[in-house]
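# Architecture and fold: a report
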Amino acid sequence: MGASEPPRRRETGTRPDVGPSGKREPAVDLPIARVLPDVNALARPFDYLVPARLDARVGVGSIVRIPLHGRRIRGWVVDRVAHPETDRRLQAVAGVTGCGPSADVIELTEWAAWRWAGPQASLLRTASPIHAVRYVDRMDSSPEPQPSVGTAHSAIALDALEAPVTTVRLPPGDDPFLLVLHAAVRGDALVLAPSVGDAAYLAARLRHAGHRVALLPDDWAMAAAGGCVAVGPRRAAWAPRPRLGAAVVIDEHDEAYQEERTPTWNGRDVVVERARRAQAPCVLVSACPSLEALATTRLLTVSRADERVGWPLMEVIDRRHEPPGTGLYSERLVALARQADTDERVVCVLNRKGRARLLACAACSELARCEKCDAAVESSAKDDADKLVCRRCLTVRPLVCLSCGGGRFRVLRAGVSRAREDLERLVGRPVAEVSADVAPGPPPSAPVLVGTEAVLHRVSHAQVVAFLDFDQELLAPRYRASERAFGLLARAARILGGRSDKRRLVVQTRLPDHEVIDAAVHADPARLTVVESARRSALGFPPERALAIVSGEGAGEFTSALRSIPDIDIAGPAGGQWMVRAADHRRLCDALAATPRPKARTRVTVDPLRS
């Protein structure tokens, strides 16, 4: 996949030297480095002379200091050339900071800048070491320990590594580590995990198995030297790999692989493209593969019997016929929490932070809103329960109704803090709260935990995992809602392990027949894939069509210019956003690259997560 870009004129900032004949004469016969400044607004490189004292240290990928508009800034050498592309006098590179991305990674960032319609400098920044690396000693690959053979997973791993790109669907209770081991013996392997904690755990296991491991981003220099396995979260997709032998992406469906800042690149897609360019096999592992992965790769699965064993028993609590005001907790869930073993955990998931996320006045029934921005206000903490907080504009005001002046409110939608208080009263056992706002580290030692989805990343095992309001996930206003909801169930299932009579995955819902719940009950992700694929196809959402969201002050001007390009479909505005679609990413990204950006702030989000 490549970009159709117009020729770029490159300049540097001083006037030409003119000799007695009136013709331009070069000031010094020195080599020339083409440098991309570390400035997002500058999308093109500039030519600079390389002084003799720096020549040995300035190569493609070097991070240098250059003069630009009266100040010295950082930049990356993207090429070494013999002749400049300007008639102006060239300035010289001021200094060398250290090593940076290799030539193949620089080319990859150029592709990614086109693919996600963003500045290449931002991607090079991500691909660079977090601390200056002065030099790298290349290492020869040493013989690696061979993984055990003869198991079903070993056969799948060998089969997967024989194709360019393969998606392997493993149930949550199965360990993908054997696939990683098979990839590790193929030279400089690259392994991505969805979180820092997952990557550190995987690196420790690889070291225990006898492999040299570079844990990114800290071990950037070790990864650049080669002769090791590079492991890390999303950012490791850009890790230096002198001789990429194989790549593995664990939980490829996880949204953590996508950068939410522009350019909104996805680590999974970067690794797939990188492996393709290096002609190395790439394996995507997931309990619930994304439609994007299924549309572009071949699929390998374990047997249906093994897949069913790898999912825990699931109990669906139908709340359609419960009377109003019964609260978050059904009688069945309270009973499970009370009966759980004292040495086992009960984990309850509610993706709403704070104490009360939606309030209504007890006297006049008006919703509690912010007087400045009209957003819903909430009661955020037990210690500050007499205050209302607006999450949009951060306004804080007393607990008073703006309509009638009343001071008593009904909780229409409880947050995780209020849910913890209620459950502690119901079960008579200590209950702790876990959310993204709680300090990182081991989870509290309480036998019962209530938290946002962050709790699923902080707990390694439990007897019961319950989703208190799963309809919130199923009905989320985004086209990936079903896929994301199923991913949450898969993450919870991993904590519970495989099928066991004592362990339960509990879902409270008023949509018991939803395809997500049906797929989880039957331990068959294909049931969801069939329905979701048909829905996306009918609505024209990815992977059926390529999608971008344009927002900001200049969005109207930018989308007006896009309308003149054939085969580009534009809808909007809705909420200050325009939806731009095309038949595939080549057409969409070529159109975005060919359209000049307005001077006003314009944000282009390719493959949006939240739409």
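A quick note: this is a predicted structure, and the numbers were derived from the prediction, not measured.

A few words on the overall build of the protein chain. For the protein chain, the helix and strand inventory stands at 17 helices and 27 strands. Here the protein chain, with 611 residues, has 53% of them falling under the buried criterion. Carbon and sulfur atoms form 51% of the exposed surface of the protein chain, whose accessible area is close to 27,500 Å².

Once that is clear, we can look at the side chain of Asp 47. Along the chain, Asp 47 falls in strand E2 (residues 46–49). Note on Asp 47: relative accessible area 1%, which makes it buried. Here the side chain of Asp 47 touches Arg 34 through a polar contact of 2.7 Å, side chain to side chain. Among the polar contacts listed, one links the side chain of Asp 47 to the backbone nitrogen of Glu 85, at a separation of 3.0 Å.

With that settled, the discussion passes to the side chain of Ser 290. Within the secondary structure layout, Ser 290 lies in the loop between strand E11 (282–286) and helix H8 (291–296). In this structure Ser 290 touches Glu 252, His 253, Arg 268 and Glu 483, once residues within four positions along its chain are discounted.

On strand E21 (residues 448–451), burial covers both faces: Val 448 and Val 450 on one face and Leu 449 and Gly 451 on the other are all buried. Judged from the four bridges that link them, strand E14 (residues 346–349) and E21 form a sheet pairing that is parallel. Looking at the pairing, Val 346 lines up with Val 448 of E21.

Looking at where Arg 458 falls in the secondary structure, it is placed in the loop between E21 and strand E22 (464–467). According to the relative accessible area criterion, Arg 458 is buried, its value standing at 19%. In the structure, Arg 458 is positioned 15 residues away from Pro 443 in sequence and 6.0 Å away in space, judged by C-alpha atoms.

The next subject is the packing of aromatic side chains. Inspection of the entire model under this criterion finds five aromatic pairs. Aromatic pair Trp 111 and Trp 116: ring centres 5.5 Å apart, planes at 85 degrees, arrangement edge-to-face. We note that Trp 111, like Trp 116, is buried. Cation over ring: Arg 234 sits above Trp 265, and NZ or CZ is 5.8 Å from the ring centre. The lysine or arginine in question, Arg 597, covers the ring of Phe 558, its NZ or CZ lying 5.4 Å from the ring centre.

Strand order in this open sheet of four strands is E25-E26-E24-E27, and the pairing throughout is antiparallel. The two strands at the open ends of the sheet, each matched to only one other strand, are strand E25 (569–574) and strand E27 (603–606). When strand polarity is set aside, the average angle formed by the axes of neighbouring strands in this sheet is 20 degrees. Running over the sheet, helix H17 (residues 585–594) touches strand E24 (546–551), strand E26 (577–582) and E27 and is turned about 25 degrees from E24.

Hydrogen bonding along the main chain pairs the strands of a sheet, whether they run parallel or antiparallel. The strand order E8-E9-E7-E10-E11-E6-E12 describes an open sheet built from seven strands, whose pairing is parallel. Two strands lie at the open edges of the sheet, namely strand E8 (213–215) and strand E12 (298–301), each paired on one side alone. Each neighbouring strand pair of the sheet contributes to a mean axis angle of 20 degrees, computed without reference to strand direction. The pairing of strand E7 (residues 188–192) with strand E10 (residues 244–250) spans four bridges and is classified as parallel. Each bridged residue has a counterpart across the sheet, and for Val 191 the counterpart in E10 is Val 248.

Another aspect to go through is helix H11 (residues 416–427). Compared with an ideal rise of 1.5 Å per residue, which puts twelve residues at 16 Å, H11 spans 16 Å between its outermost C-alpha atoms and is within 8% of the ideal. Of the positions making up H11, those classed as buried are Val 416, Ser 417, Ala 419, Arg 420, Glu 421, Asp 422, Leu 423 and Val 427. After H11 finishes, the residue Gly 428 shows a positive phi value of roughly 65 degrees.

Summarising the element assignment, Gly 210 is placed in the loop between helix H5 (196–208) and E8. Residue Gly 210 is classed as partly exposed on the basis of its relative accessible area, which comes to 48%. In sequence terms Gly 210 and Pro 145 are 65 residues apart; their C-alpha atoms lie 6.4 Å from each other.

Two elements in contact, helix H1 (residues 103–115) and helix H2 (residues 120–127), have axes whose closest approach is 9 Å; the angle formed by their N-to-C orientations is 140 degrees. By the angle class used here, H1 and H2 are oblique. Like other packed secondary-structure pairs, H1 and H2 cross with a definite hand, here right-handed. Here Val 105, Ile 106, Thr 109, Glu 110, Ala 112 and Ala 113 of H1 come into contact with H2, specifically with Gln 120, Leu 123, Leu 124 and Ala 127.

Further remarks concern the confidence of the model for the protein chain. Scored by pLDDT, the protein chain comes out at a mean of 88, with 89% of its residues at no less than 70. Low pLDDT, under 50, characterises residues 1–28; the predicted model gives this stretch 57 contacts beyond four residues in sequence or across chains.

To continue, consider unusual backbone geometry. In the segment running from Thr 262 into Pro 263, the intervening peptide bond is cis, with an omega of -5 degrees. Tracing the sequence through the fold places Pro 263 in the loop between E10 and helix H7 (267–278). In the segment running from Pro 542 into Pro 543, the intervening peptide bond is cis, with an omega of 5 degrees. Turning to its location among the elements, Pro 543 is positioned in the loop between helix H15 (525–539) and E24. With a phi close to 55 degrees, His 69 is a non-glycine residue in the positive phi region. Position of His 69 relative to the elements: it lies in the loop between strand E3 (63–68) and strand E4 (71–81).

Before going further, it helps to examine the nonpolar core. If you look at the biggest cluster of nonpolar residues, it comprises 84 residues, and the most contacted ones within it are Trp 238 and Leu 592. The element contributing the most residues to this core is helix H4 (residues 177–184), with seven residues. In this structure, Trp 238 is in contact with Val 105, Leu 108, Thr 109, Ala 112, Leu 123, Thr 126, Ala 127, Trp 265, Val 270 and Arg 274, ignoring residues within four places of it in sequence. By size, the runner-up hydrophobic cluster in this structure holds 35 residues, among which are Ala 287, Phe 467, Phe 486 and Leu 528.

As a further point, take the pattern of salt bridges. Per the stated rule, a full pass over the model turns up 46 salt bridges. Its salt-bridge partner being Glu 307, residue Arg 304 comes within 3.0 Å of it at the nearest N-O pair. Within this pair, Arg 304 and its partner Glu 307 are both found in helix H9 (residues 304–309), separated by three residues, close to a single helical turn. The class of Arg 304 is partly exposed, set by a relative accessible area of 32%. You can call Glu 307 buried: its relative accessible area is 0%. Where Asp 569 meets Arg 545, a salt bridge forms, and the shortest distance between an N and an O atom there is 3.8 Å. Of this pair, Asp 569 sits in strand E25 while Arg 545 sits in the loop between H15 and E24, and the two are 24 residues apart along the sequence. Judged by relative accessible area, Asp 569 falls into the partly exposed class, the value being 31%. With a relative accessible area of 25%, Arg 545 lands in the partly exposed category.

Scoring rules and cut-offs
Residues numbered from 1 in each chain as written. Predicted model: local features only at pLDDT ≥ 70, side-chain atom pairs only at ≥ 80, totals over all residues. Heavy atoms only, no water. Helix = DSSP H or I, 4+ residues; strand = E, 2+ residues; numbered from the N terminus. Buried < 20%, exposed > 50% of the residue type's maximum accessible area, 1.4 Å probe, protein only. Areas by Shrake-Rupley, 256 points an atom, 1.4 Å probe, with all protein chains shown as cover. Polar contact = N/O pair within 3.5 Å; in protein donor to acceptor, adjacent residues only side chain to side chain. Contact = heavy atoms within 4.5 Å. Pairing = 2+ DSSP bridges. Phe/Tyr/Trp six-rings, centres within 6.5 Å; stacked < 30°, edge-to-face > 60°. Lys NZ or Arg CZ within 6 Å of the ring centre and 35° of its normal. Axes fitted to C-alpha atoms, helices over the stretch in contact; angles between N-to-C directions. Expected span 1.5 Å × (residues − 1). Parallel < 35°, antiparallel > 145°, perpendicular 65-115°, else oblique. Left-handed = near helix turned anticlockwise from the far one by under 90°. pLDDT = per-residue confidence, 0-100. Core = buried A, V, L, I, M, F, W, Y, C linked by side-chain atoms within 4.5 Å. Salt bridge = Lys/Arg side-chain N within 4 Å of Asp/Glu carboxyl O.

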